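Each chain, written out:
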Amino acid sequence: MAAMPNSSVSWLMDGTRTGRLRPVLDALSDHFGVMRNGASQFLLLRALSGRGDWEADPDVVRPATEAELLSAKVQAANAASRWGR
């Protein structure tokens, strides 16, 4: 029998008809991502860049603020320009 998704993370859905996931911050690792799966005791998060997944404790994951997202996007753009991506 498959495990049911963690109901305590229902806030991750942004409420749109498209069912898009809102960006979150894993406060323990200080990484931003979106939830890919919540069928176990941990959340499977994917980096906003799409490069890599990790497991996070639902108790330390929270919605990212607009300011945090903007900062993360600027950092990613700066890093990419330094490495020629």
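Details of the structure are given in the entry above.
Residues numbered from 1 in each chain as written. Predicted model: local features only at pLDDT ≥ 70, side-chain atom pairs only at ≥ 80, totals over all residues. Heavy atoms only, no water.

Reading across the sheet, the five strands line up as β4-β3-β2-β1-β5 and stay open at both edges, with antiparallel pairing between neighbours. Single-partner strands in this sheet number two, and they are β4 (53-56) and β5 (61-63). Along the sheet, successive strands turn relative to each other by an average axial angle of 50°, direction set aside. The sheet strands contacting helix α1 (residues 66-82) are β1 (24-26), β2 (31-37) and β5, and the helix crosses β2 at an angle near 105°. (Pairing = 2+ DSSP bridges. Helix = DSSP H or I, 4+ residues; strand = E, 2+ residues; numbered from the N terminus. Axes fitted to C-alpha atoms, helices over the stretch in contact; angles between N-to-C directions. Contact = heavy atoms within 4.5 Å.)

Inspection of the secondary structure assignment puts aspartate 26 in strand β1. Reaching out from aspartate 26, the side chain makes a polar contact with the backbone nitrogen of leucine 28 at a distance of 3.1 Å. Every residue in contact with aspartate 26, bar those within four places of it in the chain, is listed here: His31, Leu45, Trp54, Ala56, Val60 and Val61. (Polar contact = N/O pair within 3.5 Å; in protein donor to acceptor, adjacent residues only side chain to side chain.)

Bringing the environment of valine 60 into the picture now. Along the chain, valine 60 turns up in the loop between β4 and β5. For valine 60, a relative accessible area of 25% puts it in the partly exposed group. Measuring from C-alpha to C-alpha, the distance between valine 60 and serine 29 comes to 9.2 Å, with 31 residues separating the pair along the chain. Residues in contact with valine 60, not counting those within four places in the same chain, are Leu25, Asp26, Ala27 and Leu28. (Buried < 20%, exposed > 50% of the residue type's maximum accessible area, 1.4 Å probe, protein only.)

Below, the discussion takes up the pattern of salt bridges. Taken as a whole and judged by the stated rule, the model has three salt bridges. One salt bridge in this structure joins arginine 36 and aspartate 53, with 3.3 Å as the shortest N-O distance. Remark: aspartate 53 occurs in strand β4 and arginine 36 occurs in strand β2; sequence separation between them is 17 residues. By relative accessible area, arginine 36 is classed as partly exposed at 46%. Here arginine 62 makes a salt bridge to glutamate 68, at a shortest N to O gap of 2.5 Å. In this structure arginine 62 comes out as partly exposed when scored by relative accessible area, which is 32%. Among the charged side chains, a network of salt bridges with common partners joins Arg36, Arg46 and Asp53. (Salt bridge = Lys/Arg side-chain N within 4 Å of Asp/Glu carboxyl O.)

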